[in-house]
Amino acid sequence: MFIINICLFVRIIIMELSHFAPQDFISHMPDHVITNILDLLPLQDAVRTSILSKSWRFKWTMLSQLIFDVDFFEYLSKTQGENNHVRIISRILHQLRGSITKFFLDGGMLDANHINRWILFLSRKGIKDLTLINWGPTPLNLPTHLFFCVELKHLKLSNCYFNPPPTFHGFPNLLSLELCVDFEENIQLSEFFARCALLENLTIDNLFEHVKVVQVTEIAKIENLKILSLELCDLDNMSITSSGTIFELVGSLPKLQELHLGFHYCTLREGGAKKTCPTVFPCLKALKLSCICLDNGMKLSCAFELIRSFPNLQILEIARELDDISTSAICSPEVDYNTTTLLHLRSVMFECLKGSENELCLIKYLLACSPFLKKIVIRCSFIGSDEKFMFAKKLLMLHRASPVAEIDLFRF
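The rules we used
- Residues numbered from 1 in each chain as written.
- Predicted model: local features only at pLDDT ≥ 70, side-chain atom pairs only at ≥ 80, totals over all residues.
- Heavy atoms only, no water.
- Buried < 20%, exposed > 50% of the residue type's maximum accessible area, 1.4 Å probe, protein only.
- Helix = DSSP H or I, 4+ residues; strand = E, 2+ residues; numbered from the N terminus.
- Pairing = 2+ DSSP bridges.
- Core = buried A, V, L, I, M, F, W, Y, C linked by side-chain atoms within 4.5 Å.
- Contact = heavy atoms within 4.5 Å.
- Salt bridge = Lys/Arg side-chain N within 4 Å of Asp/Glu carboxyl O.

**Q** Looking at this model, I keep getting lost on the pairing of strand β12 (residues 286-290). Mind explaining?
**A** Put simply, side chains in a regular strand alternate between the two faces of the sheet. Counting buried positions along β12 gives four out of five residues, so the element sits mostly inside the fold. Sheet topology note: the strand β10 (residues 258-262)/β12 ladder contains five bridges and is parallel. Bridging from a neighbouring strand, Glu258 pairs with Ala286 of β12. When β12 meets strand β13 (residues 315-319), the two strands line up parallel, connected through four bridges. Considered in β13, the bridge of Ala286 is made with Ile315.

**Q** I would appreciate a short explanation of the nonpolar core in the present structure.
**A** Note on soluble globular proteins: their nonpolar side chains tend to be buried together. In this structure, Phe103 and Phe162 are the most contacted members of the largest nonpolar core, which totals 113 residues. Not counting chain neighbours up to four residues away, the residues in contact with Phe162 comprise Leu142, Phe147, Leu157, Leu179, Val181, Asp182, Phe183, Glu184, Ile187, Leu189 and Phe192.

**Q** So what exactly am I meant to see when it comes to the pattern of salt bridges here?
**A** Opposite charge on two side chains makes pairing possible when the charged atoms of those side chains draw close. Within this structure, the stated rule accounts for ten salt bridges. Lys156 is paired through a salt bridge with Glu178; the nearest N and O atoms lie 3.8 Å apart. With Lys156 in strand β5 (residues 154-162) and Glu178 in strand β6 (residues 176-183), this pair connects stretches of sequence that are 22 residues apart. On the basis of relative accessibility, which here comes to 28%, the residue Lys156 falls in the partly exposed class. According to the relative accessible area criterion, Glu178 is partly exposed, its value standing at 31%.

Shown next as structure tokens:
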């Protein structure tokens, strides 16, 4: 009854307002409001508003954000054929009237000549957010025009050949950079980073794992970095390393708030994983360790040391290496919870666990030392329901420092 009364009340208000407002009040909205509305629609739907009325025929040409994603390419393949996307994208671009702040392209194999023309066009339109994801078999050669889009704030490149020209003077407004690219041989990223003074969010994933392209000293020059995502195998001389090198990296970034480290193809050296971090980092709140084998004693010790070294850590995510075939190792010595520093964790997530003793050891430590923990989510790759039952039974027996901590156990 209450819901019906509310609906009736809303209808009465609308009827009353209709006496004072134009019949087509949406069409009479300011242009920037209409642009914001159109930018929220899928691109194909925004263009189709041209059939609403004569006054709406060219409203879509005020779009400031272009999203050519998988859904868009699927729509084109069903309605226009598979080979017409270049013509249609070019036609859309050249009919837009205002500035283009965002351009997102993810789908199909990109042609360097067309990309060159599109980037040149966007460089004159004040582009601020650019994403290029190439699905082709070989990396895409980036046009020189890209490195002169000085208004860029967000840049994401995937399966591209990254080679800034000698005349590159930097991205003075760049805040986030995500590179899954093939780097030029002997590239000096320190010079590139030095010309991106405002950079806060950096993701680096080299397409060719055997090539070491990044040095700790290069990343250390990014003074304002708050979020870092890095595959350790991309670091120079990191195929065999120690946690001390990781602490050296983090120690050079005092403003760091989120850290994501990938351990794929990374082997830790004996004796290095017990080296502790020399400084406390109050800003670091989130840590993600991916492709890490916790059955490897050195990597387990490294995970322990990283967690202990960031006392204000609130969010922790750990994902096991999917193709790991290691045999279970002996867990580290029993942790003395009376002398261990309490953690400030609120949320913990484990991905792809298999229920080993080392994994259980780490979970035990986190539960016992996290009085503010709210939830720990565990996704396991058990073979049968009996394994899940036995693992769940072990989890229920663990001490929890937090009276409200929940454990969610899933099998996939």
